[in-house]
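# Structural features, examined
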Amino acid sequence: MATLQAIKYSRGKLLVLDQLRLPHEHHYDEVSTAEEAFDCIRSMRVRGAPAIAIVAALAHAVELHNGNCTATTPEETIAYIEGRLDFLKESRPTAVDLSNAISLLKLAARAAKLEGLAHPEAKEAILSSYIEAAENILARDLENNTSIGTHGAAWLQQQYNATPARPLSVLTHCNTGSLATSGHGTALGIIRTLHAQSLLKHAYCTETRPYNQGSRLTSFELVFEGIPSTLITDSMAAALFHLHRERMNIGAVIVGADRVVRNGDTANKIGTYALAVLARHHGVKFVVAAPTTSIDLETESGEGIKIEERKPEELTQISGAVVGDDGKVDVTRTARVAIADQRIGVWNPAFDVTPHDLIDAIVTERGTVVKGADGRFDFSQVLPERWRW
Ligand SMILES: CSC[C@H]1O[C@H](OP(=O)(O)O)[C@H](O)[C@@H]1O
């Protein structure tokens, strides 16, 4: 079966699925410059912490491949690359994958400069090193997600002694699947793996107001993959746990992350914190699925995380495909409609921070991290070399 692909890349060409048109239309935009990538990320045509980092890295790789860098000396080449990356870094501030990827790419370019200074083709060596490092971020992300799926499913199986005869149900928030990554997904990757192992009874996904990544994207992915699933509004989670936790064997809320800081506090899509509180109240495990590229050891606690605030129209207006009088969706026509008095004041933080004490496990590609006896997460077991960042 075909899988959903948010990013299609071959050297010199980057295509990005326009997620604003989903689920009704499948349209890829060609992204060939840092400016186009910035716009694509800022306007949420691509979204999801890993996917944002990959698009930024590869868009710059494409422009370098296409000869946009007119620098001649190694120093100028490095300055050009770093300037473009610093510009891209500002596209969305909360997800740390982007700034981690940028640090890595700068290191790759500088390492080539050090090796090639005396070399007549030093510029070419720097460009190649950058392009290879960017392509490596794409390849590694897919491997990472598959591993997250395996580790997360194993941890949950163990917690509940889940078997195909007694499978688990889970709830997820926002979109963390193939569309938010290079493939498979993080939180949705665990759900996909549980399903493949016949350990999943049912997946619930929230609408994820205000941008509706859950109803637009996750529900689309779940249906596409044939995973038994139900969409709820964000405000229905408490009732779901109260009324159906036992009957449906709801064992976990599984979410992705935009930034996990040193003490385990986790920034993720607005509404995540509320789900963590509800999960604790109802005895449901709360699991964060995140590649190590989403971990930020330089920030001590959630207090230090900058939260992106987005425009009021995301709450007061909505767009989608037009539904005809016959009740059929007309995918060729879209409309934007107002759903609130346009004069109302609006607060629209895109993310919230879930305190680490409400998190039971953080699943990375290198294993599942749980709190020690002191109630603290210790990431050294999954991040040894990144302590040097
Ligand atoms: C694996 S995606 C991580 C993260 O990205 C999403 O943010 P956005 O839709 O704003 O780009 C969301 O918070 C996901 O959990």
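Cut-offs and rules
- Every chain is numbered independently, its residues counted from 1 as its sequence is written.
- For a predicted model such as this one, the threshold for reporting local features is a pLDDT of at least 70, and the threshold for listing and counting side-chain atom pairs is 80 or more; totals across whole chains, interfaces and linings nevertheless cover every residue.
- Water and hydrogen atoms were dropped before computing side-chain values, which therefore reflect all heavy atoms in the structure.
- Here, a salt bridge means any side-chain nitrogen of Lys or Arg that lies within 4 Å of a carboxyl oxygen of Asp or Glu.
- Per the convention used, a helix needs a DSSP run of H or I reaching at least four residues, while a strand needs a run of E reaching at least two, with both numbered from the N terminus.
- When accessible area is computed with a 1.4 Å probe and restricted to protein chains, residues below 20% of their type maximum are described as buried, those above 50% as exposed, and intermediate ones as partly exposed.
- Here the term cavity refers to a set of points on a 1 Å grid, laid over the protein atoms alone, in which a 1.4 Å probe fits but cannot get out; the term pocket refers to an open set having protein on both sides within 12 Å along at least five of seven lines, with lining residues being those that place an atom within 4 Å of a point.
- Grid points are joined across faces, edges and corners, and a volume is the space filled by probe spheres set on the points.
- Residues are grouped as follows: Ala, Val, Leu, Ile, Met, Phe, Trp, Tyr, Cys and Pro are nonpolar; Asp, Glu, Lys and Arg are charged; every other residue, Gly included, is polar.
- A patch consists of residues exposed above 30% relative accessible area that lack any salt bridge, with like charges linked at up to 9 Å and nonpolar side chains (Val, Leu, Ile, Met, Phe, Trp, Tyr) linked at up to 5 Å.
- Methods summary: accessible areas were calculated by the Shrake-Rupley approach with a probe of 1.4 Å, and residue burial reflects only the protein chains presented.
- Here a residue is near a molecule or strand as soon as one of its heavy atoms is found within 4 Å of it.
- As used in this structure description, the phrase polar contact means that two N or O atoms lie within 3.5 Å; if the pair is within protein, one of them must be able to donate a hydrogen and the other to accept it, and residues adjacent in sequence are counted only when both atoms belong to side chains.
- Paired strands, in this sense, are two strands between which DSSP finds at least two bridges.
- Note on geometry: axes are lines fitted to C-alpha atoms, helical ones only across the stretch in contact, with angles between N-to-C directions running from 0 to 180 degrees.
- UniProt positions are given in the numbering used here, feature names are shortened, and annotations may be inferred rather than shown by experiment.
- It only takes one pair of heavy atoms within 4.5 Å for two residues to be counted as in contact.
- Residues enter a nonpolar core if they are buried and are Ala, Val, Leu, Ile, Met, Phe, Trp, Tyr or Cys, with the set joined through side-chain atoms within 4.5 Å.

This paragraph deals with the pattern of salt bridges. Within this structure, the stated rule accounts for 19 salt bridges. One salt bridge connects Glu225 with Arg192, and the closest N-O pair in it is separated by 2.8 Å. Taken as a pair, Glu225 in helix α7 (residues 213-225) and Arg192 in helix α6 (residues 187-196) lie far apart in primary sequence, 33 residues in all. Grouping residues by exposure puts Glu225 and Arg192 together as buried. Between Arg343 and Asp341 there is a salt bridge, and its shortest N-O distance comes to 2.7 Å. Judged by its relative accessible area of 73%, Arg343 falls in the exposed class.

The subject of this paragraph is empty space enclosed by the protein. Evaluated as defined, the whole model comprises three cavities of 30 Å³ or more. Each pocket or cavity is described by its volume, and for the largest cavity that value is around 170 Å³. As for the largest cavity, its lining consists of 24 residues, of which Gly48, Ala49, Asn175, Ala257 and Asp258 are closest to the centre. Broken down by secondary-structure element, the contributors of at least two residues to the lining of the largest cavity are α2 (49-65) and β9 (266-269). Split into classes, the residues belonging to the lining of the largest cavity amount to ten nonpolar, ten polar and four charged. What the second largest cavity holds in volume is close to 40 Å³. What lines the second largest cavity is simply Met44, Pro210, Tyr211, Gln213, Lys269, Arg310, Glu314, Asn348 and Ala350. Along the lines of polarity and charge, the residues of the lining of the second largest cavity split into four nonpolar, two polar and three charged.

Glancing now at a nonpolar patch on the surface. Together, Val323, Val329 and Val331 make up a nonpolar patch on the protein surface, roughly 230 Å² of accessible area in all. Looking at where Val329 falls in the secondary structure, it is placed in strand β13 (residues 329-338). Given a relative accessible area of 45%, Val329 falls into the partly exposed group.

Roughly 430 Å³ of volume is contained in the largest pocket. Around the largest pocket sit 25 residues that line it, and Leu20, Tyr211, Arg216, Ser319 and Arg336 are the ones nearest its centre. For the lining of the largest pocket, the secondary structure elements donating two or more residues are α7, α10 (313-316), β12 (317-323) and β13. For the lining of the largest pocket, the leading source of residues is β12, giving five residues. Within the lining of the largest pocket, the residues separate by chemical class into nine nonpolar, eight polar and eight charged.

Near the ligand there are 17 residues, and of these Arg47, Gly48, Arg92, Asp258 and Asn268 occur at the shortest range. Here an oxygen atom of the ligand and a side-chain polar atom of Arg92 are 2.8 Å apart. Between the ligand and Asn268 there is a distance of 2.5 Å, counted from an oxygen atom to a side-chain nitrogen or oxygen. Here the ligand has 400 Å² of accessible area as a free molecule, and 99% of this is covered by the chains. Secondary-structure elements contributing two or more residues to the shell around the ligand are α2 and β9. Counted by class, the shell around the ligand contains six nonpolar, seven polar and four charged residues.

With that settled, consider the sheet that holds strand β16 (residues 367-369). On the basis of which strands lie adjacent, the open sheet formed by seven strands has the order β6-β5-β4-β7-β10-β15-β16 and mixed pairing. Each of the sheet's edge strands pairs with one partner strand only, and the pair in question is β6 (229-232) and β16. For this sheet the average axis-to-axis angle between neighbouring strands, irrespective of direction, equals 25°. Examined bridge by bridge, strand β7 (residues 250-255) and strand β10 (residues 285-289) share four bridges and lie parallel to one another.

If you check UniProt for "site: Transition state stabilizer" (unreviewed entry), the listed places come out as Cys174 in our numbering. With respect to the helices and strands, Cys174 occurs in the loop between β4 (168-172) and α6. Sequence-distant contacts of Cys174, defined by excluding residues within four places in its chain, comprise Arg47, Thr206, Thr208, Gln213, Gly214, Thr218 and Lys269.

For the rest of this paragraph, the subject is the nonpolar core. By size, the foremost hydrophobic cluster in this structure holds 44 residues, and its most contacted members are Ile7, Leu14, Ile81, Leu105 and Tyr130. Looking at this core, the elements with two or more residues in it are β2 (13-17), α1 (34-42), α2, α3 (74-89), α4 (96-116) and α5 (122-160). Looking at this core, the element that brings in the most residues is α2, giving twelve residues. Discounting chain neighbours no more than four positions away, the residues touching Ile7 are Leu14, Leu15, Ala51, Ile54, Val55, Leu58, Leu138 and Thr181. Membership of the second largest hydrophobic core comes to 29 residues, among which are Leu171, Val255, Ala290 and Phe379.

Glancing now at the sheet that holds strand β1 (residues 7-10). Pairing within the open sheet is antiparallel, and its three strands lie in the order β1-β2-β3. The open sheet has two edge strands, β1 and β3 (28-30), and neither has a second partner. With strand direction ignored, the average angle separating the axes of adjacent strands in the sheet is 20°. Where β2 meets β3, three bridges bridge the pair, whose relative direction is antiparallel. Among the inter-strand pairings, Leu17 is bridged to a residue of β3, identified as Tyr28. Its contacts with the sheet put α2 on β1 and β2, and the angle it makes with β1 is roughly 30°.

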